[in-house]
Amino acid sequence: MRVFVATTTYDLNVLTIFHALGPMGISLTVGSANYQPTTQWSRYCRGHVRYPSPSTSPDEFCAFLMDFLKREPHDVLIPADDPTAVAVSRRRDDLQRLVRCPFPDGKLVMLALDKGSSTGIVQDMGIPTARTWQPTDPDELEKMIPSISLPALIKPRTNSGSWGIVKVGSARELRAMYVKVHRRFPSPIIQEFIPKGGKKYLVGALFNRQGAPRAAIVHLVHRQVPMDGGRGTFFESVKAPDVMEMGLKILKALNWYGVACLEFLEDPRDGSIKFLEINPRFWGQLLLSIHAGINFPLMLVMMSIQGDVEENFEYREGVSCQFFLYGDFLHFIKNPERFRSLSSYFRFWSKDTSDLCLFNADMLPLVGYFLTNPFNVLRRVWRGSAYAG
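Residues numbered from 1 in each chain as written. Predicted model: local features only at pLDDT ≥ 70, side-chain atom pairs only at ≥ 80, totals over all residues. Heavy atoms only, no water.

**Student:** Teacher, can you tell me more about the overall build of the protein chain here?
**Tutor:** Broken down by element type, the protein chain carries 15 helices and 15 strands. Within the span of the protein chain, comprising 389 residues, buried residues form 58% of the whole. Long-range pairs, those at least 24 residues apart, make up 66% of the contacts in the protein chain with a sequence separation of at least 6. Within the structure as shown, the protein chain displays about 16,600 Å² of accessible surface, and the carbon and sulfur contribution to it stands at 52%. (Helix = DSSP H or I, 4+ residues; strand = E, 2+ residues; numbered from the N terminus. Buried < 20%, exposed > 50% of the residue type's maximum accessible area, 1.4 Å probe, protein only. Contact = heavy atoms within 4.5 Å. Areas by Shrake-Rupley, 256 points an atom, 1.4 Å probe, with all protein chains shown as cover.)

**Student:** Please explain the pattern of salt bridges as it appears in this structure.
**Tutor:** What the rule picks out here adds up to 16 salt bridges. For the salt bridge of Arg91 with Asp94, the shortest nitrogen-to-oxygen distance reads 2.9 Å. When salt bridges that share partners are traced, they join Glu192, Asp267, Arg269 and Lys274 into one network. (Salt bridge = Lys/Arg side-chain N within 4 Å of Asp/Glu carboxyl O.)

**Student:** Looking at this model, I keep getting lost on empty space enclosed by the protein. Mind explaining?
**Tutor:** Here the idea is plain: a probe the size of a water molecule rolls over the atoms and shows the empty space left. Counting across every chain of the model gives 2 cavities of 30 Å³ or more. Considered as a void within the structure, the largest cavity measures approximately 80 Å³ in volume. Lining of the largest cavity is provided by Leu77, Ile78, Pro79, Pro102, Phe103, Pro104, Val259, Pro280, Arg281, Phe282 and Leu300. Tallying contributions element by element places strand β4 (residues 76–79) first for the lining of the largest cavity, with 3 residues. Split by residue class, the lining of the largest cavity holds 10 nonpolar, no polar and 1 charged. (1 Å grid on protein atoms, 1.4 Å probe; cavity = no way out; pocket = protein on both sides within 12 Å on 5 of 7 lines; lining within 4 Å. Points joined across faces, edges and corners; volume = space filled by probe spheres on them. Nonpolar A, V, L, I, M, F, W, Y, C, P; charged D, E, K, R; others polar.)

**Student:** What am I meant to see in the sheet that holds strand β6 (residues 152–155) here?
**Tutor:** Backbone-to-backbone hydrogen bonds join strands into a sheet, with any given pair of strands oriented parallel or antiparallel. Strand order in the open sheet made by the 4 strands is β5-β8-β6-β7, with antiparallel pairing throughout. The open sheet is flanked by β5 (132–133) and β7 (166–168), the only strands paired with a single partner. As defined by bridge partners, β6 adjoins strand β8 (residues 189–192) across 4 bridges and the pair is classed as antiparallel. Its bridge partner lying in β8, Ala152 is registered against Glu192. (Pairing = 2+ DSSP bridges.)

**Student:** Even after reading the chapter, I still don't get unusual backbone geometry, so can you show me in this structure?
**Tutor:** It is generally the case that most residues other than glycine have a negative phi and that most peptide bonds are trans. Omega for the peptide link from Leu150 to Pro151 comes to 5 degrees, which places this bond in the cis form. Here Ser187, not a glycine, exhibits a phi torsion of approximately 55 degrees, which is positive. The residue Ser187 is located in the loop between α8 (171–184) and β8 in this model. Positive phi values are uncommon outside glycine, yet Asn255 reaches one of about 55 degrees. You can see Asn255 is positioned in the loop between α9 (241–253) and β12 (258–266).

**Student:** Any chance you could explain the sheet that holds strand β1 (residues 2–6) here in plain terms?
**Tutor:** Taken together, the 4 strands give an open sheet; going across it, the order is β3-β2-β1-β4, and neighbouring strands pair in parallel fashion. Two strands close off the open sheet at either side, each with one partner strand: β3 (45–50) and β4. Shown here is a sheet whose adjacent strand axes are inclined to one another by a mean of 20 degrees, direction ignored. Packing against the sheet, helix α2 (residues 58–71) makes contact with β1, β2 (27–32), β3 and β4, and its axis sits at approximately 140 degrees to β3. (Axes fitted to C-alpha atoms, helices over the stretch in contact; angles between N-to-C directions.)

**Student:** Just to check I follow, could you spell out the packing of helix α5 (residues 106–113) against helix α6 (residues 115–124) for this structure?
**Tutor:** Between α5 and α6, whose axes approach to 5 Å, the crossing angle comes to 85 degrees. The pairing of α5 with α6 is recorded here as roughly perpendicular in orientation. Contact residues: Leu111, Ala112 and Leu113 in α5; Lys115, Ser117, Ser118 and Ile121 in α6. Residue composition of the contact of α5 with α6, by class: 4 nonpolar, 2 polar and 1 charged. (Parallel < 35°, antiparallel > 145°, perpendicular 65-115°, else oblique.)

See below:
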C-alpha cells in the first residue's frame, strides 16, 4: 500500500502521520514546495517530490500532482495543511480518478476555513459562539462600530494561526487596525474578546463518506504562544462529553468526510463553551491522539481502502503532549510564573508525555530541520509559530 502525504513547507506535523503509518508497513511518499522537507529524513520515507506551491500556484500544484500520480500510482492522498487541503479539495473529482481522496469537496473545505461562514452556521444550530461581526470593508465597519462590544479581536476570515489576529480596546484603535489587517487579509471578522480564565478545547474527529462519526477525541490546551491566545504548546487528553457532542453535531450538520479539528473556548463569565473555528485537516497535536489510543491516520487510510472502519471513541485520559522546542520553551521564557510550574515544562521524557518532534527512534528529521533551516528556526521559535497547529 502506498500513501502520498502532501504539505507545503514546514512539515514537522507530517512526521506524526509517518510514525503512525510507517511501522504498519505502508510505503510513504511526501510532497512539498521546498527542497528539504523535514519528513524526507525520516526512516519511514520512501520518496519525496517537490512541486509548485499550493499557496501561490494551486493550479500548477494540482497539475504536477496528477501527472506524478499517473506515473507513480498511490492508493491514498492525504493533504496535511490548509493550502494543500484547499487545492486538492477543489480538484477532488479529477484526483479521484487516480487516487483515493478521503476529504470533502472544495466548497465544504472553504466553508469550514471561513470563520465568518462557519460561525454563522453554528449559531443557526443553537450552539454558543463568540459574538461576531462581519464587515466587508472599512466603510461597512464604520456603520457597525456602535454595536461592537469592546475589547474585541480582529481575525482573518481564513485560518492563519495567530497571524493577523489583533486585540483592540477602543473604536479609534479598531478603525486603524482593521484597515491594516484588511490590506493583508481581506474582510476580516470582528469577534468579542473572551477574557482569560476559561479552558480551551480541541475536538479531533474522523467521519466516513456517509457523514457518520467513526472516531473522536477531546484535547485540553494547557499552554499556548502567545500566552494570551495563539497556538497550543502543551495539551492533555480529557473526557468532555458535552464538548465532543457539540463538535460531532457540527460536523454531522455539514455532512463531513475525513478528518477535522474544532476549537472551543470556555467563557469564564458564565461557564459556557463557545465555538471558535474548524480546521479541515489533521491537527498539530495529532501525536497525542495516537498515544491516547486512537490512530487517526491509520483509520483514515483503512477507511479509504475498505470503505469504512469500526467506531473508536475509547481513549486514555491524562495523556499529555508537548511542543517544547518551538513553543513551550518560549512560553517558559515569557511566563513570569514559570518557576511555580517548572516540572511541567520538562516532562518530555515521561512515559505519559510525548513531544511533537522528539522521536527516539527517528531523530534525523529533527537534526535535518535544524541543519537546513537554522535561521528560519530561530526566527519562528521567537515568534512562536514554527508548526502547523
